[in-house]
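# Descriptive analysis of the structure
Given next are the chains, with one letter for each unit.
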Amino acid sequence: MLFRNPNLETDSDDTDEELQEALAAGKIKPGLIVEQQKKTFINNREGLGDKIKEFSLGKLKWIERLDLTNDPAPSIEPEDTASLENDDFHREMRFYRQAQASVLEGLVKLANMSIPTKRPEDYYAEMAKSDEHMKKVRSKLLEKKLSMERSEKAKKLRELRKYGKKVQQEVLQKRQKEKKDMLDTIKKFRKGQIDKVDFLDETIQRQNKQVTDKKTFTPNKKREYKNKKFGFGGQKKRSKYNTAESAADVSSFNPRKAQGKGPSKSTKKPQGKRPGKNKRKTMKNKK
Amino acid sequence: MAKRKRISEENTKQQTGKRQKKEIVLPPVITSDAPVHRQTKWTNKQRTLIFSSRGISFRTRHLMLDLRTLMPHSKAEPKMDRKDKLFIINEVCEMKNCNKCLYFEGKKKQDVYLWASNVPKGPSAKFLVENIHTMSELKLTGNCLRGSRPLLSFDKAFDSEPHWLLLKELFTQIFGTPNHHPKSQPFTDHVFTFSIQDNRVWFRNYQILAEDGSLAEIGPRFVLNPIRIFAGSFGGATLYQNPHYVSPNEYRRALRRSQASKYNNRVEARMSVQLRKPEMTYRMDPTDEVFQTITAESVKNSQ
C-alpha cells in the first residue's frame, strides 16, 4: 500500500513540481491510496495434467508400484481437524492411522497375490539400523520406562507421606485426648465423684469407705475399751436421755432385787475385798 | 511342507517349460537354507541418484544417508559445487545411469531445499525441507530390513489437485523400490507415508510390526514445503507456484522487523494517546459553584 497525495505533501522529500510531472506522465493517479498490484501465482492445470500423462507409469501393475491412496483409519476418539495444525500428538496420530489403513489394505492385496510379506524367524539379513543402534534404542526405552516408574513411585510415596503425616497427627491427638480423659477420670475417682474406673485393663471399683478405714487403722485394746466405755465420735449431747425405747426396756428388771427384798442370797462378799481403814490399822498393830 | 513342495513343482515346470515367464512365488515363510531363486523379472527399472550440494548441515547429510540406506535403488555421488549450474545434474544422472534424482541444496548453512526430478524429461519440483529428524534418533524405535520394498501410502488429498497428483506420481517413482530389484529383499516390512497438512507434504516411515496394523516409526521424518513445479528436469517452464510459500529469508526478516519495531511502536502509541487525550472532559460554568453551600458534612464526604 502506498500513501500518495499530491495536495497534502508536506513531509515527503518529493517537491510539488516533481509530483505534478509524475501525475502528468501517468505514473501516479489522483486519490489517497493506490493499491499495489497483487502477485499472480502460476497454476497451469492443463500443463500439469499433460505432464502427468507424459511421465506416468500407471500402466504398470500395482505390484511394481506398491502405492496406496487412502483416508486415515478410523480413530478411537473423535477428531478435531481445526486443532490439528498445532497439535503434534494428534497430527502424528493421523499419519499413523493413514499408514495403518494402507498397511491393512496393502497386505491383503499382497496376500491375494500370494506374495510373502512376513520375514521368517531364521532369516537373517542386514537391517536398516545396526544391532548396536537398536541396543541403544532398547536401553533408552528401558531407561525411560524405569525413570517413569521411579517418578511414579516417588509421586505415590509423596502422597503417602502426606497422608501418613495427617494420620500421625490424628493418632497423636487421639492419644493425648485419651490421656487427658484418663487423668480426668482418675481425678474424679480420687475425689469420689465416680465409683468405677477402667485402668490398665482392669476395673477398679470403689470399696466401702469405712471398711477400708478399719482395715487400715485399728486402735489398741485399751483404746477400744475406752471407746466402748465412753464412746467415740458422734454426738455426746442428749445421748443419755430416755427415749421411748429405753423406757420400754425392761431387760434390767430383776424381780428378786425389786420390791425391797434385798439382795439375793447368792450375792457373797467378793473374795479378796480390801478391809476398811480401821481394821487394816488394827491388824497392822497386832503384828 | 506342502507349500514347499508346490514350489519345487513350479521350478521343475519352469525348467521344462519353453518360456521362463512364470513368476517365482515365495511362500510366506521359508527356511534360511533354502536355495535363493534369482528374480529375473525386473521391469520397473528406476534408479535414483541421491546427493547434495556443498554446505549442507550434518542433519541434512544424515537424512541423505538414511534415504540411501532405505532405498536400494539409489546411487550416490560426491557433493556438487555450489557454483555449478543445476542442469549439470542431468548430465551427472546420465553418467550414473539414473532416471530419477533427489538433490539436497544447502543455503546459508541453515536452509535446505530438495529437488525431486524425473531425468531427463521432467517434471521436477523444488521443496523447502523443514523439521528434519533422522533415523538415528533414539525415540524412533522401529527397524526394518535394508532394501525391503516399502508400501507407499498417500493421503486422499493427493487426488484433489493436479499439482498434488503430479507430486504423487513423482514420489511413487522416486521412493518406490522396483519389484525384483537385485538389491531388494523379498518382504514388505515398512511403509512410507506421505500426508498433506498445512499445504505441505509430511513424510513418515513406519515399520509393520504385525499384520493387524500395529506400527513403529523407523524414521527419518521431514516436511516438504513445495515451492515450484517445473516442466523440465531442473528447469523449464513453471507449471505450478505455491502461493502459500514464504521463503525462510522473508520469514526471518519479518521476525527481525517485528522485534526491531517494538520500541518504535511503543513510542508511537504513547504519542497517539497524548494527542487523543482531550483537555476538557466536560464544558462547565465555573460560576455555578458559587451557589454551592459548603457544609461540614459535605467536606467530610469529600474527604
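Within any chain, residue numbers begin from 1 and follow the written order of that chain's sequence. Each chain takes a letter, starting from A, and each ligand takes a number, starting from 1, following the order in which they are written. Given that the model is predicted, a residue must reach a pLDDT of at least 70 before its local features are reported, and side-chain atom pairs must reach 80 or more before they are shown or counted; all residues, however, enter totals for whole chains, interfaces and linings. As a rule here, side-chain values cover all heavy atoms of the structure and leave hydrogens and water aside.

Per an unreviewed UniProt entry, the recorded name for chain B is Ribosome biogenesis protein BRX1 homolog, and the organism is Candidula unifasciata. UniProt positions are given in the numbering used here, feature names are shortened, and annotations may be inferred rather than shown by experiment. Looking at chain B in UniProt, the text filed under Function (unreviewed entry) is "Required for biogenesis of the 60S ribosomal subunit." Looking at chain B in UniProt, the text filed under Subcellular location (unreviewed entry) is "Nucleus, Nucleolus".

As recorded in an unreviewed UniProt entry, chain A goes by the name rRNA processing protein EBP2, listed as coming from Candidula unifasciata. In its Function (unreviewed entry) section, the UniProt entry covering chain A states "Required for the processing of the 27S pre-rRNA." Check the Sequence similarities (unreviewed entry) section of the UniProt entry for chain A; it says "Belongs to the EBP2 family."

### Overview of the overall build of chain B
Here a strand is any run of E in DSSP of at least two residues, a helix any run of H or I of at least four, and the numbering for each starts at the N terminus. On a plain count of helices and strands, chain B comes out with six helices and eleven strands. Buried residues in chain B amount to 48% of all 303 residues. Across chain B, contacts joining residues at least 24 apart in sequence account for 63% of those joining residues at least 6 apart. Accessibility throughout is a Shrake-Rupley quantity obtained with a 1.4 Å probe, and a residue counts as covered only by protein chains that appear here. Carbon and sulfur atoms make up 52% of the accessible area of chain B, which totals about 17,100 Å². Three labels apply to residues, based on accessible area from a 1.4 Å probe with only protein chains included: buried if under 20% of the type maximum, exposed if over 50%, partly exposed otherwise in between. Working rule for contacts: check all heavy atoms of both residues, and any pair within 4.5 Å makes them a contact.

### A closer look at the interface of chain A and chain B
Contacts between chain A and chain B engage 60 residues on the former and 80 residues on the latter. Note on terms: buried area is the combined drop in 1.4 Å-probe accessible area of two parts once they are placed together, counting the loss on both. Summing both partners gives a buried area of about 6,400 Å² for chain A against chain B, and 58% of it is carried by carbon and sulfur. By salt bridge we mean one thing: a side-chain nitrogen of Lys or Arg within 4 Å of a carboxyl oxygen of Asp or Glu. Connecting chain A to chain B are seven salt bridges. In this structure, Glu126 of chain A engages Arg146 of chain B in a salt bridge whose closest nitrogen and oxygen atoms are separated by 2.7 Å. Counting of polar contacts relies on pairs of N or O atoms within 3.5 Å, with two restrictions inside protein: one atom must be capable of donating a hydrogen and the other of accepting it, and residues adjacent in sequence are counted only when both atoms are side-chain atoms. Inspection of the chain A/chain B interface yields 34 residue pairs in polar contact (both at pLDDT 80 or more). The greatest single-element share of the side of chain A that touches chain B, amounting to 14 residues, is contributed by helix H4 (residues 88-112) of chain A. Amino acids are sorted into nonpolar (Ala, Val, Leu, Ile, Met, Phe, Trp, Tyr, Cys and Pro), charged (Asp, Glu, Lys and Arg) and polar (every other residue, Gly among them). For the side of chain A that touches chain B, the residue count by class is 28 nonpolar, 14 polar and 18 charged.

### Quick look at unusual backbone geometry
Residue and element names in this part refer to chain B. That bond from Val119 to Pro120 is cis: its omega, 0°, falls within 30 degrees of zero. In this fold, Pro120 is placed in the loop between strand S4 (111-118) and strand S5 (124-133). Note the cis peptide between Gly219 and Pro220, where omega equals -5°. With respect to the helices and strands, the residue Pro220 is situated in the loop between strand S9 (215-217) and strand S10 (221-232). Even without a glycine there, the phi angle at His180 is positive, about 60°. Along the polypeptide, His180 turns up in the loop between helix H4 (162-175) and strand S7 (190-197). One non-glycine residue, Asn199, lies in positive phi territory at about 60°. Tracing the sequence through the fold places Asn199 in the loop between S7 and strand S8 (200-208).

### As for the nonpolar core
Of all hydrophobic cores here, the largest spans 43 residues; its most connected members are Leu102, Phe171, Phe175 and Phe194 of chain B. Considering every element that reaches this core, the biggest residue donor is H4 of chain B, with seven residues. Setting aside its immediate chain neighbours within four residues, Phe194 of chain B contacts Gln98 of chain A together with Leu152, Ser153, Phe154, Asp155, Phe158, Phe171, Phe175, Val201, Trp202 and Phe203 of chain B. Here, nonpolar core refers to any group of buried Ala, Val, Leu, Ile, Met, Phe, Trp, Tyr and Cys residues whose side-chain atoms link them within 4.5 Å. By size, the runner-up hydrophobic cluster in this structure holds 16 residues, among which are Trp62, Ile63 and Leu66 of chain A together with Ile208 of chain B.

### Examining the packing of helix H2 (residues 45-55) of chain A against H4 of chain B
Helix axes are fitted to C-alpha atoms over the stretch in contact, other axes to C-alpha atoms as well, and angles between N-to-C directions run from 0 to 180 degrees. It is at 9 Å that the axes of H2 of chain A and H4 of chain B come closest, and there the two elements cross at 25°. With respect to H4 of chain B, the element H2 of chain A is oriented roughly parallel. Between H2 of chain A and H4 of chain B the crossing geometry is left-handed. Where H2 of chain A approaches H4 of chain B, its residues Arg45, Leu48, Lys51, Ile52 and Phe55 of chain A are matched on the opposing element by Pro162, His163, Leu165, Leu166, Glu169, Leu170 and Gln173 of chain B. Tallied by class, residues from the contact of H2 of chain A with H4 of chain B come to seven nonpolar, two polar and three charged. For classification purposes, an angle smaller than 35 degrees is called roughly parallel, one larger than 145 roughly antiparallel, one from 65 to 115 roughly perpendicular, and anything else oblique. With the far helix as reference, a near helix turned anticlockwise by less than a right angle produces a left-handed crossing, and one turned clockwise produces a right-handed crossing.

### Some remarks on the confidence of the model for chain A
The pLDDT value expresses, per residue, how confident the predictor is, ranging between 0 and 100. Looking at chain A as a whole, its pLDDT mean stands at 81, while 79% of the residues score no less than 70. Counted against residues more than four places away or in other chains, residues 1-12 of chain A, with its pLDDT under 50, gives 15 contacts.

### Side note on H2 of chain A
Because each turn of an α-helix spans 3.6 residues, side chains separated by three or four positions in sequence point in the same direction. Within the span of H2 of chain A, buried status applies to Gly47, Leu48, Lys51, Ile52 and Phe55 of chain A. The arc that holds every buried residue of H2 of chain A, seen down its axis, measures 140°, which confines them to one face. Set apart from the buried face of H2 of chain A by more than 90 degrees, the exposed residues are Glu46 and Lys53 of chain A. Among the structural elements, S4, H4, S10 and strand S11 (235-241) of chain B are those in contact with the buried residues of H2 of chain A. The directions from the helix axis to the C-beta atoms form the arc being described.

### Re the pairing of S10 of chain B
All names here are of chain B. When you tally the buried positions in S10, you get eleven out of twelve residues, the bulk of the element. Bridge analysis of S8 against S10 gives three bridges, and the strand direction is antiparallel. For Phe203, the partnering residue across the bridge sits in S10 and is Phe222. Pairing of S10 with S11, which is carried by four bridges, proceeds in the antiparallel orientation. Each residue of the ladder has a partner; that of Phe230, found in S11, is Thr238. For two strands to pair, DSSP has to find at least two bridges joining them. Between S10 and S11, which follow one another and run antiparallel, lie two residues, and Phe234 among them has a positive phi close to 55°.

### Here we look at the pattern of salt bridges
A side chain with one charge may pair with a side chain of the opposite charge, provided their charged atoms come close. On inspection of all chains with the given rule, the structure shows 20 salt bridges over all chains. One connected set of salt bridges, linked through shared partners, spans Glu92 of chain A together with Arg204, Glu217 and Arg221 of chain B.

### Details of the pairing of strand S1 (residues 48-52) of chain B
Residues and elements named next belong to chain B. The buried count for S1 comes to five of five residues, which makes it a mostly enclosed element. Residue alternation in S1 divides its side chains into two sets, Thr48, Ile50 and Ser52 and Leu49 and Phe51, and both sets are buried. Relative to strand S3 (residues 100-107), S1 runs parallel, the two sharing five bridges. The residue of S3 that forms the bridge with Ser52 is Phe104. As defined by bridge partners, S1 adjoins strand S2 (residues 74-76) across three bridges and the pair is classed as parallel. The residue of S2 that forms the bridge with Thr48 is Ser74. For crossovers, right-handed means that the path from the first strand over the helix to the second runs clockwise, given strands pointing away from the viewer. Note on the crossover from S1 through helix H2 (residues 58-70) to S2: the handedness is right-handed.

### Some points on the packing of aromatic side chains
Any two aromatic rings considered together are summarised by their centre-to-centre distance and by the angle between their planes. Between 30 and 60 degrees the pair is tilted, below 30 it is stacked and above 60 it is edge-to-face, where a pair is any two Phe, Tyr or Trp rings, Trp via its six-membered ring, whose centres lie within 6.5 Å. A complete count under the given rule lists 19 aromatic pairs over all chains for this structure. Residues Phe95 of chain A and Trp202 of chain B carry aromatic rings whose centres are separated by 5.5 Å and whose planes lie at 40° to one another, so their mutual orientation is tilted. A residue pair is termed interchain when its members come from two chains, as with Phe95 of chain A in helix H4 and Trp202 of chain B in strand S8. The same class applies to Phe95 of chain A and to Trp202 of chain B, which are both buried. Distance and angle both matter: a charge sits over a ring if NZ of Lys or CZ of Arg is within 6 Å of the ring centre and within 35 degrees of the ring normal. A cation sits over an aromatic face here: Lys109 of chain A above Trp62 of chain A, 4.5 Å from the ring centre. Looking at Lys126 of chain B, its charged tip hangs above the ring of Tyr113 of chain B, at a distance of 4.7 Å from the centre.

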